Amino acid sequence: MARRCAAAVALGLAAASAGAVELTMWVMPVTTNAQHDVPDLLAPWLAQHPDVHVRVTVLDWESGWNKITAAAASRRGPDLLELGTTWMPAIAAMGGLEALTPRQLAEVDNGSPYYPELWKTTQVFGRSGVYGLPWYADVRAAFYRTDVFRQAGVDPVQAFASWDAFHAALKKINGQVVAGKHVAALAYAGKNDWNVVHNLAPWIWNAGGDMLSADARHSALSTPQALRAIDFYSSLAVEGLVPSNALEKDSDILEGAWVGGDYGVIFSGPWLMRRIFESPPGSVVRSNFDVAPYPAGPHGHATFFGGSNLAIFKGSRHKAEAWELVKYLGGKAPQVQLALVSSMMPARIDAANDPAWTSRHPAYAKLTAIAADGRAYPPIPAWGPLETVYTKHLGQLAELTSGIADQYSVPAMKALIADTVIEADKVLEEAN
Amino acid sequence: MSGLGLTVSTAARERPKRRRRVDAFPYLLLAPAALMMIIVNLVPIVQGFRMSLLKLNQYTLSQFMDAPFIGLRNYRGVLFDPANPVHSGMLGALRNTALYSLLVTVCAVAIGLGVALLLNREFPGKALARTLLMLPWVVPTYVVGTLWGFMWQRDEGIINHVLVDVLHLMDHKPFWLIGGNTFFAIVIPTVWRAWPVLMLIFLAALQAVPEELYEAARLDGANAWQRFRNITLPSLMPVIVIQVMFQIIDNIYSYNIVAMMFGKGAGYPGEWGDLLMPLLTRQSFSYWRFGEGAAVSFVMMAVMLVFVAVWMRTFRRSMTSEA
């Protein structure tokens, strides 16, 4: 009798395991409680797919890169995963990701629902193939204090209309005393930060320059346009409009200080909205802020566009189910739902214009409008090493602009950029 | 003497006639540890050396150990090619690492020894004082780097507040995380964390010095300095020699404090803040140049092996009770 029962149990287990599929999914901490929020996001899809179970693992941005590259190299990893937009080309070029089939591409209208700049990041520069779907977006904008601008008699619309107007506005608001607090004009991180390159890129684009040459084989930082942008950006610190003590801090600290009322303007992303609304209800900044595009340069007011994509791992044994889940998460409703819990912008144009997102606060609608000028880095596999080179060298601008190592000068800046270009070109040379 | 020589010589002649009995039991006891050493140390070292001979980068990582073999080209690149990204900044990091290791070791050993001498006497609350003094050592290095990163901030940091606002030692608040002061910003927290454990080790060693030696010295009229120089220091010398060596090795391989203080690994500490290990990590792993990274690691390991061999040979006598 006991033997018969054991056999029945074994058969039952075998039947159950034959029918059930377990997907493993790696995500980054997209919300403050991703281990809880991501399964919530998956719940409607799982209800329609009772035979599928999803095991979610939340990586962190510091160690995630090593884990993903190790998985790609060994071909042993999850079924589907989130990848930063600048990571995706590298992992795809390693052969770690499954390219979407023409049928799958047709199912998502060949990417037309997504912001084209983000869709570009699902591919590898100069090659054919699409390796995933955009999931959410990081779009940068100027967050400014309306009360400080008002007190200084600065019209925000004019202030962001040109670099000169922005410069003049910063001079007016610098040192304003609001609620007993001296407000510094602008905050940006100097060197101890992963945003060094993202902070500078829009200024270079808006001056008509670029991060790379058109064929992505050389660094373009030494072009006159890029040098002009770097000089303007640096001069804001040299003139004291960015206080020198900001240059030793990272973005996280500076954003906290901006929410605390220390600065008039900061360039940041949609996650700052969450931080603003987490501040005490009576805080000055909470009821006195607005969002504006990057100050228009000679060639427009583009902004940095990044975020994350979803992809199917090459080694997955459940690619069909993984694709169904990727496609679901790339849909409008889940993207809106994720945006509401994460404060990251949807990567789909229709989701970013959904009232559930845009009506939360006027600033969200403005972020959506600003995203129309979003620009992503060229999706080259070597972007990771290149960004490290840029971060290392451009961070050294802080040594010049803080006024303690050397006094800032255009020749000194150009020498620094020349060193950057030599090292960057070496990295790019090996990639080609 | 000649009799002894004769005895040895006779024994040597007789030895081949007897079959040597080998006791396998000690080898059996050692075998698990030896096997673990081979698995944990030797295999990765051999694999690392093999990696240092391969063109192992972002584009060949999927081939891993089958990546193209390029002989010693990685070593030539990282050591002599100024355009090599891994080589970039290496001389500065080498200079900083040498000065950092020297300064941290000297300061940590001096403070550790000084406090151990102070604690090597009876006074009320001694156990409590010893426990409290150990607190810096129990703080993980990652936390030390993060906390001191906040403390060094120019306007909000407590260090400038104490130096300028409380003690009035300076007329302005200096930068610690930008410019040349970054060197001191990494040295001081490392010393702060390192000396307590040295103090504990020296204290244990001090308590093993026979009190009779001091009594005899006092009877002979030796003053405190003479007792320290002729009794304490020689008695502690085996411990000091070993601890200095450990400190130098630890400090040359120092990583966490620098990485956490400057952008949690994202940033670049600057010309005076970069050490060899943060440089190696950044320029090998972030640049995906694993073959060259392995080559630098092997150069560092070879230098350390030579250092340890020279150190052990130089201080061999000091490390034994014959000293």
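Every chain begins its residue count from 1, and numbering advances along the sequence as written. Starting at A for chains and at 1 for ligands, labels are handed out in the order in which the entities are written. Only residues with pLDDT of at least 70 are given local features in this predicted model, and only at 80 or more are side-chain atom pairs given and counted; all residues enter the totals for whole chains, interfaces and linings.

Caption draft 1: Spatial organisation of the overall build of chain A. Helix and strand assignments follow DSSP, with helices taken as H or I runs no shorter than four residues and strands as E runs no shorter than two, numbered in order from the N terminus. Counting its secondary structure elements, chain A contains 21 helices and twelve strands. Values of the radius of gyration come from C-alpha atoms, whereas the globule rule sets the reference at 2.2 Å times the count of residues to the power 0.38. Relative to the compact-globule value of 22 Å for 432 residues, chain A shows a C-alpha radius of gyration of 24 Å, a close match. Here the C-alpha coordinates of chain A stretch approximately 90 × 55 × 40 Å along the principal axes. As a rule, residues whose C-beta atom has 12 or fewer other C-beta atoms within 10 Å are exposed, those with 20 or more are buried, and those in between are partly exposed; C-beta atoms are placed from the backbone. In chain A, which comprises 432 residues, the proportion classed as buried is 53%. This entry defines residue contacts through backbone-placed C-beta atoms, with two residues in contact when those atoms are within 7 Å. Within chain A, counting contacts between residues at least 6 apart in sequence, those at least 24 apart form 74% of the total.

Caption draft 2: Quick peek at the environment of Leu177 of chain B. Here Leu177 of chain B shows up in the loop between helix H8 (158-166) and helix H9 (182-206). On the neighbour-count criterion, Leu177 of chain B (30 C-beta atoms within 10 Å) is buried. Spatially, the C-alpha atoms of Leu177 of chain B and Gly273 of chain B are 8.5 Å apart, while their sequence positions differ by 96 residues. In contact with Leu177 of chain B, not counting residues within four places along its chain, are Asn192 and Glu248 of chain A together with Trp152, Gln153, Thr182 and Ala185 of chain B.

Caption draft 3: Region of the structure containing the packing of helix H3 (residues 73-80) of chain B against helix H14 (residues 290-314) of chain B. Residue and element names in this part refer to chain B. Packing of H3 against H14 leaves a shortest axis separation of 9 Å and a crossing angle of 75°. It follows from the interaxial angle that H3 and H14 lie roughly perpendicular. Counted together, Asn74, Tyr75, Gly77, Val78 and Leu79 of H3 and Gly291, Glu292, Ala295, Val296 and Val299 of H14 form the full contact between these two elements. In the contact of H3 with H14, the residues fall into six nonpolar, three polar and one charged. Here the axes come from fitting lines to C-alpha atoms, over the contacting stretch only for helices, and the angles between their N-to-C directions go from 0 to 180 degrees. For classification purposes, angles smaller than 35 degrees are called roughly parallel, those larger than 145 roughly antiparallel, those between 65 and 115 roughly perpendicular, and all remaining angles oblique. Here the term charged refers only to Asp, Glu, Lys and Arg, the term nonpolar to Ala, Val, Leu, Ile, Met, Phe, Trp, Tyr, Cys and Pro, and the term polar to all other amino acids, Gly among them.

Caption draft 4: The arrangement of the packing of helix H4 (residues 90-119) of chain B against H9 of chain B in detail. All names here are of chain B. Where H4 contacts H9, the axes come no closer than 6 Å and their chain directions differ by 40°. Taken together, the axis directions place H4 and H9 in an arrangement best described as oblique. Between H4 and H9 lies a crossing of right-handed hand. The residue makeup of the contact of H4 with H9, split by class, is 22 nonpolar, three polar and no charged. For any helix crossing, the convention is left-handed if the near helix is rotated counterclockwise from the far helix by under a right angle, and right-handed if that rotation is clockwise.

Caption draft 5: The interface of chain B and chain A, seen in detail. Listed by partner, the interface residues are 26 residues for chain B and 35 residues for chain A. Per-class residue counts for the side of chain B that touches chain A are twelve nonpolar, ten polar and four charged.

Caption draft 6: Region of the structure containing the domain arrangement of chain B. Residues and elements named next belong to chain B. As assigned here, chain B comprises domain 1 (24-84 + 289-323) and domain 2 (90-278). Note that the domain bounds were set by an automatic or database domain assignment. Inter-centroid distance (C-alpha atoms) of domain 1 to domain 2 is 29 Å. With nine residues of domain 1 at the contact, the number on the domain 2 side is nine residues. Residue classes in the side of domain 1 that touches domain 2 are distributed as seven nonpolar, two polar and no charged.

Caption draft 7: H9 of chain B, seen in detail. To estimate the expected span of a helix, count its residues, drop one, and scale the result by 1.5 Å. With 25 residues, H9 of chain B extends 36 Å from end C-alpha to end C-alpha; this agrees with the ideal 36 Å at 1.5 Å per step. Values of bend correspond, residue by residue, to the angle between axes fitted over the seven residues ending at that residue and the seven starting there. Where H9 of chain B bends most, the angle comes to about 30°, and this point is Ala194 of chain B, followed within four residues by the proline Pro196 of chain B.

Caption draft 8: Representation of the nonpolar core. Among the nonpolar cores identified, the biggest contains 194 residues, and Leu80, Ile91, Ala137, Ala142, Leu186 and Ala187 of chain A are the most heavily contacted of them. In terms of residue count, H9 of chain B provides more of this core than any other element does, eleven residues in total. Ignoring any residue separated from it by four or fewer positions in sequence, one finds Ala142 of chain A in contact with Phe160, Val265, Phe267, Val291, Ala292 and Tyr294 of chain A. Each nonpolar core reported here comprises buried Ala, Val, Leu, Ile, Met, Phe, Trp, Tyr and Cys residues connected via C-beta atoms within 7 Å.

Caption draft 9: Local environment of the environment of Pro89 of chain A. All names here are of chain A. Of note, Pro89 is situated in helix H4 (residues 88-93). As a C-alpha pair, Pro89 and Val130 span 41 residues in sequence and 9.9 Å in three-dimensional space. Excluding residues that lie within four positions of it along the chain, Pro89 makes contacts with Val124, Phe125, Pro379, Ile380, Pro381 and Trp383.

Caption draft 10: Layout of the sheet that holds strand S5 (residues 141-145) of chain A. Residue and element names in this part refer to chain A. Here a strand pair is declared whenever DSSP counts at least two bridges between the two strands. Strand order in the open sheet formed by five strands is S6-S7-S8-S5-S9, and the pairing between neighbours is mixed. Both edges of this open sheet fall to strand S6 (176-178) and strand S9 (289-292), since each of them pairs with a single strand only. Between one strand axis and the next, the sheet turns by 35° as a mean value, whatever way the strands run. The pairing of S5 with S9 spans four bridges and is antiparallel.

Caption draft 11: Looking closely at the pairing of strand S1 (residues 21-27) of chain A. All names here are of chain A. Where S1 meets strand S2 (residues 52-58), seven bridges bridge the pair, whose relative direction is parallel. Its bridge partner being in S2, Trp26 is matched across the sheet by Thr57. Note that the unit made of S1, helix H2 (residues 34-48) and S2 has a crossover that is right-handed. We call a crossover right-handed when, viewed with the strands running away from us, the connection from the first strand over the helix to the second turns clockwise.

Caption draft 12: Seen up close, helix H21 (residues 410-431) of chain A. With 22 residues, H21 of chain A ought to run about 32 Å at 1.5 Å a step, and its terminal C-alpha atoms sit 31 Å apart, in line with that. Where H21 of chain A is buried, its residues meet helix H11 (224-238), helix H19 (383-395) and helix H20 (397-401) of chain A.

Caption draft 13: Looking closely at the domain arrangement of chain A. Residues and elements named next belong to chain A. When the domains of chain A are assigned, the result is domain 1 (19-139 + 305-375) and domain 2 (141-303 + 380-431). When each unit is reduced to the centre of its C-alpha atoms, the spacing between domain 1 and domain 2 is 28 Å. In this assembly, 22 residues from domain 1 lie in contact with 20 residues from domain 2. Of all the secondary structure elements, the ones that give two or more residues to the side of domain 1 that touches domain 2 are H4, strand S4 (132-139), helix H18 (362-371) and strand S12 (374-375). Among the elements that take part in the side of domain 1 that touches domain 2, H18 stands out by supplying five residues, more than any other.

Caption draft 14: How the structure looks around unusual backbone geometry. Positive phi, normally seen in glycine, also occurs at Ser343 of chain A, with a value near 70°. Mapped onto the elements of the fold, Ser343 of chain A is located in the loop between helix H15 (332-342) and strand S11 (345-346). On the basis of neighbour count, Ser343 of chain A is assigned to the buried category, with 24 C-beta atoms found within 10 Å. In this model, Phe64 of chain B sits at a positive phi of 45°, which is unusual for a non-glycine residue. Along the chain, the position of Phe64 of chain B falls in the loop between helix H2 (24-51) and H3. Of the residues examined, Phe64 of chain B has 14 C-beta atoms within 10 Å and is grouped as partly exposed.

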